[in-house]
Structure formats: structure tokens, C-alpha cells
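Understanding the architecture of this molecule
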Amino acid sequence: MNPAFRTIALIGKYKGPEIAESLMALAAFLKSRSIDVLVEEGTAALVGDNGFPVASYDSIGARADLAIVLGGDGSMLTAARQLAEADVPLVGVNQGRLGFMTDLARDDMLDGVADLLEGKFVSEQRFLLETRDAAGNPDALVHCMGIYAARDLERTSLDDLDRLYRVNLRAPVATTKA
């Protein structure tokens, strides 16, 4: 087991009760490996905590060595935005449709996490784009990308974006299976 991962947070898809079974199976698997498990508070409110400690994103950022996100690309982006400042590594478990950012398929979740715990992974940096519109509202472009996808941005010139947004790059760590 990789001793770097002593506390792992589980974060589920927003308003996605279908992740309950996978989340609880993963929590039990991690507990059987003597790993402390935290369940993100929004996830716990939706699917229950099954006796595992409930934690806010701030608490996860301070306490977790790794966060496993059960959902899809939107769930990964949300977790990345919330945890970027804390540099908590993320691993995504796809819970259905196509997921470009997730690392593991739902059917391979436990085997993939077992490999991760045994140190069979490659850590990589991924960029998270942070933006503010002219009024200072955060995440305008990121929301646009998440909702409308990159194809809509292809029709927008960089000059247009430069006039509309002040852009900063942050690079949270994403951990993937080797």
C-alpha cells in the first residue's frame, strides 16, 4: 500500500443519487485497507455517509491525501476548482457516459484503486483555468466550457476573450492509473 494515502476523500456527482452504491462499496474497500475515509458533505447529504466522517471541501483540503471523484467531467471540474489551492490529488471514477477527465471506469473501480494504493500510478499536472468577467464574477469561462463545451469557444477569438476575461492558470495535481 502507498503510505502517502492515509486519508482519502470521496466526492460524488452533484445531484447524482445513482453513485450511492459505488461510493459505499469504495468506502468499505478503503476502510478494509485501514485508510481513513471522508465523505464530502454535499455527497453525504445526497446519498448518506454510512457512518463515515463528513467533511467540507475546506476540511478535505486540509486533511485528505487524495480525493476520489465519482461522476464525470463536470464532477471532476467542480472538485478541481474546490481543491486546487490545497493541491489535493484527484482521481476520477466515471459513473456512466463518456468521461475525458476521469481515470477509471466504474466496473474497474476497485481494481484500479487497489493498483493506486500499491503505487501503480503516474502523477500528472493538469491545468485549471480560472477566470473572472469584467464585473469580477469568478468561473465565467470555466462554466461556459463545462456547459457549452470547447466547440463554442472555437468561434471566439483570443482577443475577444482577453477583452472579456482576466485569466489565471492554476495547476492542481491529478493522479492517474499507470
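Structural data are supplied above this passage.
Residues numbered from 1 in each chain as written. Predicted model: local features only at pLDDT ≥ 70, side-chain atom pairs only at ≥ 80, totals over all residues. Heavy atoms only, no water.

Observations concerning the packing of aromatic side chains
Under the definition given, this model contains 1 aromatic pair. Both rings, one in Phe5 and one in Phe121, keep their centres 5.7 Å apart while their planes meet at 45 degrees; by these two values the pair is tilted. Taken together, the residues Phe5 in the segment before β1 (7–12) and Phe121 in strand β7 (residues 121–125) connect sequence positions 116 residues apart. Classification of Phe121 by relative accessible area gives partly exposed; the value is 22%. (Phe/Tyr/Trp six-rings, centres within 6.5 Å; stacked < 30°, edge-to-face > 60°. Helix = DSSP H or I, 4+ residues; strand = E, 2+ residues; numbered from the N terminus. Buried < 20%, exposed > 50% of the residue type's maximum accessible area, 1.4 Å probe, protein only.)

What to know about the environment of Asp58
The residue Asp58 is located in helix α3 (residues 57–63) in this model. The exposed category is assigned to Asp58, whose relative accessible area is 68%.

Brief notes about helix α1 (residues 20–32)
Its 13 residues give α1 an end-to-end C-alpha distance of 18 Å, which sits within 8% of 18 Å, the value for a rise of 1.5 Å per residue. Looking at the residues trailing α1, positive phi occurs at Ser34, about 60 degrees. (Expected span 1.5 Å × (residues − 1).)

So, unusual backbone geometry
Non-glycine residue Ser34 carries a positive phi angle of around 60 degrees. With respect to the helices and strands, the residue Ser34 is situated in the loop between α1 and β2 (36–40). On the basis of relative accessible area, Ser34 is assigned to the exposed category, the value being 65%. Positive phi, normally seen in glycine, also occurs at Asn50, with a value near 55 degrees. Residue classification places Asn50 among the exposed positions, given a relative accessible area of 62%.

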